[in-house]
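# Examining the three-dimensional arrangement
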Amino acid sequence: MTLCPFKDSLALHKDEFMLGLKLPTDPRWVNIVEKNIDEILTDHAYCEQKAASTAISLIVSFPEYTELTQEMIALSREEMGHFKMVHDRIIARGQTLGRDRKDDYVIALLKFFPKGGSRTTQLVHRLLYAALIEARSCERFRLLSEELEDKELAEFYRKLMISEAGHYTMFLNFARQYGDRSTVDKKWQQLLDHEAKIMKNLGTKESIHG
């Protein structure tokens, strides 16, 4: 089944305006999720694990940023807690965690900024990537919280949506704190435009970002 994401900007929910996203997920993506709950839970579990790994990687790469390090310590714990919550749901469904799969969305996203540059530039780019991934996850979780027929699972995603929104703002604020504000904001808008182009070809798979 091929889906066509909404192209009319007037179709954007207020949540997308708050998150800055330029293109919302087609709500019919939830129909794919409904038919593949076990698959989406496995993919979601790995997303949480990767989020924890990102936090740890930022600590290892930029330890001199004390405030960031403190927040990443807390975030890595929180994300692994989320991983356990999703894993527990997989077990409760009588399933086991499947194997990780490549994330086409993240792979495409990470090609936007050129490699290299100063340490500050590298840090800002990584923070902006992280902010956008959290923003899109938040948008997807919002959709699941509103459209899933399984109300218990919908409530589960509503709670996680709130966490993702907080993570998005944290990463974006750190990027603005450590980089030149006007430059960072310009790069953020360019990254959002790039992400919208990526999203035009996604929304057809049983994965959080697919």
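Scroll up a little and you will see the structure.
Residues numbered from 1 in each chain as written. Predicted model: local features only at pLDDT ≥ 70, side-chain atom pairs only at ≥ 80, totals over all residues. Heavy atoms only, no water.

### As for the environment of Ser-207
Residue placement: Ser-207 occurs in the segment after α8 (181–199). What makes Ser-207 buried here is its relative accessible area of 13%. Remark: the alpha-carbon pair of Ser-207 and Ile-32, spanning 175 residues in sequence, is separated by 9.2 Å. Those residues within four positions of Ser-207 in sequence are excluded, and the remaining contacts are Trp-29, Ile-40, Asp-43 and Arg-140. (Helix = DSSP H or I, 4+ residues; strand = E, 2+ residues; numbered from the N terminus. Buried < 20%, exposed > 50% of the residue type's maximum accessible area, 1.4 Å probe, protein only. Contact = heavy atoms within 4.5 Å.)

### Concerning the pattern of salt bridges
Applying the stated criterion across every chain, the model contains 16 salt bridges. Two residues, Glu-152 and Arg-89, come together in a salt bridge whose shortest N-O distance is 3.8 Å. Here Arg-89 lies in helix α4 (residues 66–92) and Glu-152 lies in helix α7 (residues 151–178), a separation of 63 residues in the sequence. Among the residues examined, Glu-152 registers a relative accessible area of 57% and is labelled exposed. One salt bridge connects Arg-136 with Glu-195, and the closest N-O pair in it is separated by 2.7 Å. Pair noted here: Arg-136 is in helix α6 (residues 119–147) and Glu-195 is in helix α8, with a separation of 59 residues, a long-range link. Comparing Arg-136 with Glu-195 shows no difference in burial state: the two are buried. One network of salt bridges, in which partners are shared, links Glu-39, Asp-43 and Arg-101. (Salt bridge = Lys/Arg side-chain N within 4 Å of Asp/Glu carboxyl O.)

### Comments concerning the packing of aromatic side chains
Counted under the stated rule, the structure contains 8 aromatic pairs. Between the aromatic rings of Phe-113 and Tyr-129, the centroid separation amounts to 5.2 Å while the plane-to-plane angle is 55 degrees, which identifies the pairing as tilted. With Phe-113 in the loop between α5 (104–109) and α6 and Tyr-129 in helix α6, this pair connects stretches of sequence that are 16 residues apart. Residue Phe-113 is classed as buried on the basis of its relative accessible area, which comes to 9%. Their ring planes at 10 degrees and their centres at 5.6 Å tell us that Phe-174 and Tyr-178 sit as a pair that is stacked. Highlighted residues: Phe-174 and Tyr-178, both in helix α7, separated by 4 residues, approximately one helical turn. Its relative accessible area of 18% is what places Tyr-178 among the buried residues. The cationic tip of Arg-89 hangs over the ring face of Phe-156; the distance from NZ or CZ to the ring centre is 4.3 Å. Above the face of the Phe-113 ring, Lys-187 is positioned so that its terminal group lies 6.0 Å from the ring centre. (Phe/Tyr/Trp six-rings, centres within 6.5 Å; stacked < 30°, edge-to-face > 60°. Lys NZ or Arg CZ within 6 Å of the ring centre and 35° of its normal.)

### Brief notes about the packing of α6 against α8
When two helices pack together, their arrangement is given by the angle between their axes and by how far apart the axes lie. Here α6 crosses α8 at 45 degrees, and the two axes come no closer than 11 Å. Classified by the angle between their axes, α6 and α8 sit oblique to one another. For the pair α6 and α8, the crossing hand works out as right-handed. Contacts from Thr-121, Val-124, His-125, Leu-128, Tyr-129, Ala-131, Leu-132, Arg-136 and Arg-140 of α6 reach α8 at Val-184, Lys-187, Trp-188, Leu-191, Leu-192, Glu-195 and Met-199. When its residues are assigned to classes, the contact of α6 with α8 shows 10 nonpolar, 2 polar and 4 charged. (Axes fitted to C-alpha atoms, helices over the stretch in contact; angles between N-to-C directions. Parallel < 35°, antiparallel > 145°, perpendicular 65-115°, else oblique. Left-handed = near helix turned anticlockwise from the far one by under 90°. Nonpolar A, V, L, I, M, F, W, Y, C, P; charged D, E, K, R; others polar.)

### Side note on the state of the cysteines
Following the criterion strictly, the structure yields 0 disulfides and no others. Free of any disulfide, Cys-47 has its nearest cysteine sulfur in Cys-138, 14 Å distant. (Disulfide = S-S within 2.5 Å.)

### Structural notes on the packing of α4 against α7
For the pair α4 and α7, interaxial distance at closest approach is 12 Å and the crossing angle is 160 degrees. Comparing their axes, α7 and α4 come out roughly antiparallel. Considering the relative orientation of α4 and α7, their crossing is left-handed. Residues Glu-67, Leu-68, Glu-71, Met-72, Leu-75, Glu-78, Glu-79, His-82, Met-85, Val-86 and Arg-89 of α4 touch α7, and the partners they reach there are Glu-152, Leu-153, Phe-156, Leu-160, Ser-163, Glu-164, His-167, Met-170, Phe-171, Phe-174, Gln-177 and Tyr-178.

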